[in-house]
Amino acid sequence: MAQSKQAAVGFRVHSGWSAIVAVSLEKSAPVVLARQRVHLVDTFTYEFRQPYHTAEKMLAGEAREFISRMQAEARRLAYRAVRELESRTHEQGVKLTRCGLLLASGKPLPGLEKILASHPLIHTADGELFREGILHAIARLAWKISESKKKNSWTAQDECCVSSQMR
């Protein structure tokens, strides 16, 4: 089947899962091709959705091994999800070529010991682990990526506030 259209994919990562939306343009208007929630952990429980919180209660070596396992799992599941999405859109005559990912607003993370000693850093690290899984999958597919920090993004809540102020 000849690919007549190109499309983009947007990701919004949460604890252990990501929202994924694929869109294309038709007559200069966006059209949603696919929308789904993808789990980035095999077992969708707190223990695995919050891996750094879980690792905080472990000995250093055990924590490092657990985080490494969770990173590998998130990468594997993210890659499988985007490949399946790519296959479904290909059947619709659409080629996925680029994507956008909403990033956290924070600074680069320190080493594991410092992360586990700081509850705010644990929260940040949990999110970063799953975002990195998505980034790894995107890199394997060689898609163009546009990254936006959360603090710089326009949200539906922003739209609502602006609309109400304009009335």
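Source: prediction; values computed, not measured.

Peer 1: Explain the sheet that holds strand β3 (residues 29-39) to me, please; I cannot follow it from the model alone.
Peer 2: Hydrogen bonding along the main chain pairs the strands of a sheet, whether they run parallel or antiparallel. Spatial ordering of the open sheet is given by β3-β2-β1-β4-β5, a layout of five strands whose pairing is mixed. Of all the strands in the sheet, just β3 and β5 (144-149) have a single pairing partner and so form its edges. On average, adjacent strands in this sheet sit at an angle of 25° to one another, irrespective of strand direction. Relative to β3, strand β2 (residues 17-26) runs antiparallel, the two being bridged by ten bridges. The partner of Ser-18 across the bridge, within β3, is Val-38. Across the sheet, helix α3 (residues 60-91) lies against β1 (5-14), β2, β3 and β4 (94-103), angled at about 145° from β3, the strand it touches most. Strand contacts of helix α5 (residues 119-141): β1, β2, β4 and β5, with the helix running at about 160° to β1, the strand carrying the most contacts.

Peer 1: For this particular structure, what's the right way to read the packing of aromatic side chains?
Peer 2: The full count for this structure, using the stated rule, is one aromatic pair. The ring centre of Trp-17 lies 3.9 Å from the NZ or CZ of Arg-37, which sits over that ring. Residue placement shows Arg-49 over the ring face of Phe-44; its charged tip is 4.9 Å from the ring centre.

Peer 1: Teacher, can you tell me more about the environment of Ala-142 here?
Peer 2: In this structure, Ala-142 sits in the loop between α5 and β5. Note: C-alpha distance between Ala-142 and Arg-98 (44 residues apart in sequence) is 8.7 Å.

Peer 1: Looking at this structure, how should I read the nonpolar core?
Peer 2: Taken as a class, soluble globular proteins show a tendency for nonpolar side chains to be buried jointly. Judged by nonpolar contacts, the single largest core of 41 residues is most densely connected at Val-9, Phe-11, Tyr-52, Ile-134 and Trp-143. Elements with a contribution of two residues or more to this core: β1, β2, β3, α2 (51-55), α3, β4, α4 (112-116) and α5.

Peer 1: What is the right way to read the pattern of salt bridges from this model?
Peer 2: Opposite charge on two side chains lets them pair, provided their charged atoms get close. One pass over the structure, following the stated rule, counts six salt bridges. Ionic pairing is found between Glu-128 and Arg-131, a salt bridge with its closest N-O pair at 2.9 Å. On the criterion of helical spacing, the pair formed by Glu-128 and Arg-131 is a turn pair, its members being three residues apart in helix α5. Exposure remark for Glu-128: the relative accessible area of 29% places this residue in the partly exposed category.

Rules behind the numbers
Within each chain, residues carry numbers counting from 1 in the order of the written sequence. Totals for whole chains, interfaces and linings use all residues, but because this is a predicted model, local features are given only for residues with pLDDT of at least 70 and pairs of side-chain atoms are given and counted only at 80 or more. Side-chain metrics rest on all non-hydrogen atoms present in the structure, leaving aside hydrogens and water. Two strands form a pair only when DSSP identifies at least two bridges running between them. Labels follow the DSSP assignment, with helices taken as runs of H or I lasting at least four residues and strands as runs of E lasting at least two, numbered in each case from the N terminus. For every element, the axis is a line fit to its C-alpha atoms; helices are fit only across the contacting stretch, and the angle between N-to-C directions ranges from 0 to 180 degrees. What makes two residues a contact is simply this: any of their non-hydrogen atoms within 4.5 Å. Each Phe, Tyr or Trp ring, with Trp reduced to its six-membered ring, pairs with another whose centre is within 6.5 Å; inter-plane angles below 30 degrees give stacked pairs, above 60 give edge-to-face pairs, and intermediate values give tilted ones. Over a ring means this: the NZ of a Lys or the CZ of an Arg is within 6 Å of the ring centre and within 35 degrees of the ring normal. To form a nonpolar core, buried Ala, Val, Leu, Ile, Met, Phe, Trp, Tyr and Cys residues must be joined to one another through side-chain atoms within 4.5 Å. Burial status follows relative accessibility: with a 1.4 Å probe on protein chains alone, a residue under 20% of its type maximum counts as buried, one over 50% as exposed, and anything between as partly exposed. Any Lys or Arg side-chain nitrogen found within 4 Å of a carboxyl oxygen on Asp or Glu counts as a salt bridge.

The values reported here are purely geometric and, on their own, carry no functional implication.
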